[in-house]
Amino acid sequence: MKVGIPKEIKPQEGRVAMTPAGVYELTQRGHQVFMQKNAGKESQLPDERYIKAGAVMLDTIAEVYDVADMIVKVKEPIESEYNLIKKDQIVFTYLHLASSKKLTEAMMASNAVCIAYETVMAADRSLPLLTPMSEVAGRMSVQQGAKYLERPQGGKGVLMGGVPGVKPAEVVIIGAGIVGHNAAQMAAGMNANVKLLDINLNRLRYLSETLPPNVDTIYSTQFMIHDLIKTADLIIGATLIPGAKAPHLITRDMLRDMAPGTVLVDVSVDQGGCFETTRPTTHANPIYEIDGIVHYCVANIPGAVPITSTRALTNATLPYVIRLAEMGWVDACKKFPDLREGLNVINGDLVYKGVADSLDLPYSPLKLKE
């Protein structure tokens, strides 16, 4: 198979979809890999290393799309890429379709086969391709939250860990999945007082036993969220409904109950955000303020640390890329149920119900030809 790896063109996105080690695994199996020049530059992976691994370097993104049977990316295609996608081409990337009707309709119009990293689901309901970037985003949410709590950045002027005689920051994390768990670890490690909320009691039981004593696990209700935000310094939104739009758990009216300078970090922004006041931001302009509350809603948080993120992502995606290249998408999805869950759009049909329901678009039940 001809595998194309374009340079990411989303603003301040330094990741690349595959390391030279991944390229080598594909070329050694007889597949051709076409890379856009300088695709790995921000991840400190120069073209020479890809060439040594067997990749063919192309000058433009259009050339990569034109030659490839399968496009492997990091982030969803942006508008300038829509017309480059070909009929029957496999597009394998983070898609987050539920947050954008325009993108979803463009992918349907392309007649491509769109497989989303974030909905590939293992038998135990884990999300193996979302997990590594959720780990990065969860840890960075605290790192960024701590920075924007500083007064010159617009925050209250609170030090996360406090000092002897002065209490530490109050951190509320809504959602105890991979993002929430990693955020809680980081915030606890900085000696903050952490409240970790979720509706899964078994998950809360497990985390109460494994996280440090300065993390309180709390069953999540609207009443409890409303109560805790009144004294919170940093609030991290970490909710996820796989493939679907995130629910709004903090409304615009609830901002009035927060102290000025409180920081909201919405890691769910890729799926529409779990705060009503969320709108996507970039690393160049990461924050905005509403009613005195600082919002950090960067839509590609792990892109800020591409050296770490690119390598973590390839570790997770490579086995799936190999399956698709070796078997083709139909046979691979028949054999591997986790990969089948990643199918979102097939030749104009929207086959992922969560996306269809979120965007009020027609849903076509998945049917794989024998």
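Residues numbered from 1 in each chain as written. Predicted model: local features only at pLDDT ≥ 70, side-chain atom pairs only at ≥ 80, totals over all residues. Heavy atoms only, no water.

S.K.: In this structure, what is going on with helix α10 (residues 306–335)? I would like to understand it.
M.R.: Each α-helix winds once per 3.6 residues, and so residues spaced three or four apart point in a common direction. For α10, with 30 residues, the first-to-last C-alpha span of 32 Å runs short of the 44 Å given by 1.5 Å per residue. Of all the bends in α10, the greatest, near 115°, is centred on G328. (Helix = DSSP H or I, 4+ residues; strand = E, 2+ residues; numbered from the N terminus. Expected span 1.5 Å × (residues − 1). Bend = angle between axes of the 7 residues up to and from the residue.)

S.K.: I'm lost on the side chain of D266 in this one. Help?
M.R.: Considering the arrangement of structural elements, one finds D266 in strand β11 (residues 263–266). Buried charge without a salt bridge: D266, with K245 as the nearest opposite-charge side chain at an N-O distance of 11 Å. Reaching out from D266, the side chain makes a polar contact with the side chain of T278 at a distance of 2.5 Å. (Buried < 20%, exposed > 50% of the residue type's maximum accessible area, 1.4 Å probe, protein only. Lys, Arg positive; Asp, Glu negative; His and termini not counted. Salt bridge = Lys/Arg side-chain N within 4 Å of Asp/Glu carboxyl O. Polar contact = N/O pair within 3.5 Å; in protein donor to acceptor, adjacent residues only side chain to side chain.)

S.K.: What exactly am I supposed to notice about the packing of helix α6 (residues 131–148) against helix α7 (residues 178–189) here?
M.R.: To describe two helices that pack against each other, one gives the angle between their axes and the distance between the axes. It is the contact of α6 with α7, at a shortest axis distance of 7 Å, that shows an interaxial angle of 35°. Handedness of the α6/α7 crossing: right-handed. Residue-level contacts link T131, S134, E135, G138, R139, S141 and V142 of α6 to I178, V179, N182, A183, Q185, M186 and A187 of α7. In the contact of α6 with α7, the residues fall into 6 nonpolar, 6 polar and 2 charged. (Axes fitted to C-alpha atoms, helices over the stretch in contact; angles between N-to-C directions. Left-handed = near helix turned anticlockwise from the far one by under 90°. Contact = heavy atoms within 4.5 Å. Nonpolar A, V, L, I, M, F, W, Y, C, P; charged D, E, K, R; others polar.)

S.K.: How do you make sense of the packing of aromatic side chains when you look at a structure like this?
M.R.: Note on aromatic pairs: each is described by the distance of the centres and the angle between the planes. According to the stated counting rule, one finds 3 aromatic pairs in the structure shown. Relative to Y296, the ring of Y148 lies with its centre 5.8 Å away and its plane at 35°, an arrangement referred to as tilted. Placement of the pair is Y148 in helix α6 and Y296 in strand β13 (residues 293–296), with a sequence separation of 148 residues. Comparing Y148 with Y296, the two get one shared label, buried. Every member of this aromatic cluster is reached through a ring pair, and the members are F92, Y94 and Y117. Of note, R323 hangs over the ring of Y320, and the distance from its end group to the ring centre comes to 4.9 Å. Taking the ring centre of F336 as reference, the NZ or CZ of R323 above it sits at 4.1 Å. (Phe/Tyr/Trp six-rings, centres within 6.5 Å; stacked < 30°, edge-to-face > 60°. Lys NZ or Arg CZ within 6 Å of the ring centre and 35° of its normal.)

S.K.: Teacher, can you tell me more about the sheet that holds strand β4 (residues 70–72) here?
M.R.: Pairing in this open sheet of 8 strands is mixed, and the strands run β3-β2-β1-β4-β5-β6-β14-β15 from one edge to the other. Of all strands in the sheet, those bounded by a partner on one side alone are β3 (56–58) and β15 (349–350). Pairing of strand β1 (residues 2–5) with strand β2 (residues 32–36), which is carried by 4 bridges, proceeds in the parallel orientation. Pairing of K2 across the sheet is with Q32, part of β2. (Pairing = 2+ DSSP bridges.)

S.K.: Looking at this structure, I do not really get the nonpolar core. What am I missing?
M.R.: The tendency in soluble globular proteins is for nonpolar side chains to be buried side by side. Within the largest apolar cluster, 81 residues are counted, with the highest numbers of intra-cluster contacts made by M35, M160, W329 and L339. Tallying contributions element by element places α10 first for this core, with 11 residues. Setting aside its immediate chain neighbours within four residues, W329 contacts I90, V113, I115, L324, L343, I346 and L368. One finds Y82, L95, A98 and V345 within the second-largest nonpolar core, a separate group that totals 27 residues. (Core = buried A, V, L, I, M, F, W, Y, C linked by side-chain atoms within 4.5 Å.)

S.K.: Just checking my understanding: could you explain the environment of A325 for this structure?
M.R.: Take A325: it is sitting in helix α10. Residue A325 is classed as buried on the basis of its relative accessible area, which comes to 8%. A C-alpha to C-alpha distance of 7.4 Å links A325 and H31, two positions 294 residues apart in sequence. Here A325 is in contact with M1, L26, H31 and M70, once residues within four sequence places are set aside.

The analysis is restricted to geometry; functional conclusions fall outside its scope.
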